[in-house]
Amino acid sequence: MRQPLVTGNWKMNGSKQSIADLLDGLKQGVGEVNSAELAVCPPAIYIPQVADSLANTPIKWGGQNLSVENQGAFTGEISGDMLTDFNARYVIVGHSERRSLYGETDTLVADKVAKALACGLTPILCVGELLSEREAEQTESVVNRQLDAVVAKIGIDTMAQVVVAYEPVWAIGTGKTATPEQAQDVHAFIRQRIAVQNVQVADGLRILYGGSMKADNAADLMAQPDIDGGLIGGASLKAVEFLAICKAAG
Ligand code: PEP
């Protein structure tokens, strides 16, 4: 039985006040969520505030990115050890914005997944195709390539320690959600690709959907057999909306 996970990716949004309000709302409402695990990924500068506020609550938190380096002259970077120093549980790796805006390659993403694991973090590995790739019927080959790079780096057995997020790039921040069937097809494909190498790992692998998930479309997506939660951008910035998605997850 896979425990659903709903993670908020706050991206570069928020202020001390808005984050305090959002965290208050989440803490007040988390008791009404049945079985889903909740996590939030704040901008790095707000990590101390989030870590303090969520200590002794069931809500976990994570980084939005990490360096492949341990420490040293890497201006602007944050290491996995720094995240664990503040008790982070998760870290998003290979988000499409990192891949497209900051040139992160499949190889770099695989190295970051390995580094996250070495630091004791659970990586949330993002994969997904561009609109042009979907239109060219390359969705499976793109997702497969992104996944394979990571499996080749860490080994199939270690995939048991990874969460995968399928995020069609054309659905992120666009209001254009994949239909439950479109999402389920790719989730099933991902699980099957892992299953041919290790059935147990595939059965336990949590695969989140991300891309304009909201309170009003979450239930249909979460009802799909291979969708184990969500990675939520815009809708994670409002406590009521995010909690409604979490409740839809289980
Ligand atoms: C994301 O950035 O991971 C995401 C899914 O964003 P949104 O929910 O806003 O589409």
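A short tour of the structure in this document, coming up. Predicted, not measured: the structure shown is a model, and the values here were computed from it.

Right, let's talk about the overall build of the protein for a bit. For the protein, the helix and strand inventory stands at 11 helices and 8 strands. By the compact-globule yardstick of 18 Å for 250 residues, the protein fits well, its C-alpha radius of gyration being 17 Å. If you line up the protein on its principal axes, its C-alpha atoms span 45 × 45 × 35 Å. Partitioning the intrachain contacts of the protein with sequence separation of at least 6 by distance along the chain shows that 72% fall at a separation of at least 24.

With that settled, consider the packing of aromatic side chains. Counted under the stated rule, the structure contains 1 aromatic pair. Cation over ring: Arg98 sits above Tyr102, and NZ or CZ is 4.2 Å from the ring centre.

The next subject is the site of the ligand. Close to the ligand lie 14 residues; Lys11, His95, Glu167, Gly173 and Ser212 are nearest. Between the ligand and Glu167 there is a distance of 2.7 Å, counted from an oxygen atom to a side-chain nitrogen or oxygen. Gly234 is positioned such that a nitrogen or oxygen atom in its backbone is 2.9 Å from an oxygen atom of the ligand. Burial of the ligand by the protein chains amounts to 95% of its free accessible area of 300 Å². Looking at side-chain class alone, the shell around the ligand contains 4 nonpolar, 8 polar and 2 charged residues.

The next subject is the pattern of salt bridges. Taken as a whole and judged by the stated rule, the model has 13 salt bridges. The salt bridge involving Lys60 is made with Glu37; its shortest N-O contact spans 3.2 Å. You can see Lys60 sitting in strand β3 (residues 60-63) and its partner Glu37 sitting in strand β2 (residues 37-41), a full 23 residues away along the chain. For Glu37, a relative accessible area of 6% translates into the label buried. Between Arg145 and Asp106 there is a salt bridge, and its shortest N-O distance comes to 2.6 Å. Taken as a pair, Arg145 in helix α7 (residues 139-154) and Asp106 in helix α5 (residues 106-118) lie far apart in primary sequence, 39 residues in all. The exposure class assigned to Arg145 is partly exposed, which follows from its relative accessible area of 43%. One network of salt bridges, with partners in common, ties together Arg2, Arg191, Asp226 and Asp228.

Moving on to the side chain of Gln146. Inspection of the secondary structure assignment puts Gln146 in helix α7. A polar contact is formed between the side chain of Gln146 and the backbone nitrogen of Gly128, at a distance of 2.8 Å. In this structure, Gln146 is in contact with Arg99, Asp106, Val127 and Gly128, ignoring residues within four places of it in sequence.

The N-to-C vectors of helix α1 (residues 16-29) and helix α11 (residues 239-249) enclose an angle of 35 degrees; their axes lie 9 Å apart at closest approach. Once α1 is placed against α11, the crossing between them reads as right-handed. Contact with α1, carried on its side by Leu22, Gly25, Leu26 and Gly29, involves Ala239, Phe242 and Leu243 of α11 and no other residues of that element. Class assignment for the residues of the contact of α1 with α11 results in 5 nonpolar, 2 polar and no charged.

What follows deals with the side chain of Asn65. Inspection of the secondary structure assignment puts Asn65 in the loop between β3 and α3 (80-85). Of the polar contacts made by the side chain of Asn65, one reaches the side chain of Lys112; its length is 2.8 Å. Ignoring anything within four residues of it in the chain, the contact list for Asn65 reads Leu83, Val91, Ile92, Arg98, Glu104 and Lys112.

Here we take up the nonpolar core. Of all hydrophobic cores here, the largest spans 68 residues; its most connected members are Trp61, Leu125, Met159, Val164, Ile190, Ile194 and Tyr209. Per element, the largest residue contribution to this core is 6 residues, and it comes from α11. In contact with Val164, other than residues within four places in its own chain, are Leu125, Val127, Leu147, Met159, Ile190, Leu205, Arg206, Ile207 and Leu208. Core analysis: the next-biggest nonpolar cluster, separate from the first, contains 11 residues, Leu5, Val163, Leu208 and Leu231 among them.

Conventions and cut-offs
Residues numbered from 1 in each chain as written. Predicted model: local features only at pLDDT ≥ 70, side-chain atom pairs only at ≥ 80, totals over all residues. Heavy atoms only, no water. Helix = DSSP H or I, 4+ residues; strand = E, 2+ residues; numbered from the N terminus. Rg over C-alpha atoms; globule rule 2.2 N^0.38 Å. Contact = heavy atoms within 4.5 Å. Phe/Tyr/Trp six-rings, centres within 6.5 Å; stacked < 30°, edge-to-face > 60°. Lys NZ or Arg CZ within 6 Å of the ring centre and 35° of its normal. Near = heavy atom within 4 Å. Polar contact = N/O pair within 3.5 Å; in protein donor to acceptor, adjacent residues only side chain to side chain. Areas by Shrake-Rupley, 256 points an atom, 1.4 Å probe, with all protein chains shown as cover. Nonpolar A, V, L, I, M, F, W, Y, C, P; charged D, E, K, R; others polar. Salt bridge = Lys/Arg side-chain N within 4 Å of Asp/Glu carboxyl O. Buried < 20%, exposed > 50% of the residue type's maximum accessible area, 1.4 Å probe, protein only. Axes fitted to C-alpha atoms, helices over the stretch in contact; angles between N-to-C directions. Left-handed = near helix turned anticlockwise from the far one by under 90°. Core = buried A, V, L, I, M, F, W, Y, C linked by side-chain atoms within 4.5 Å.

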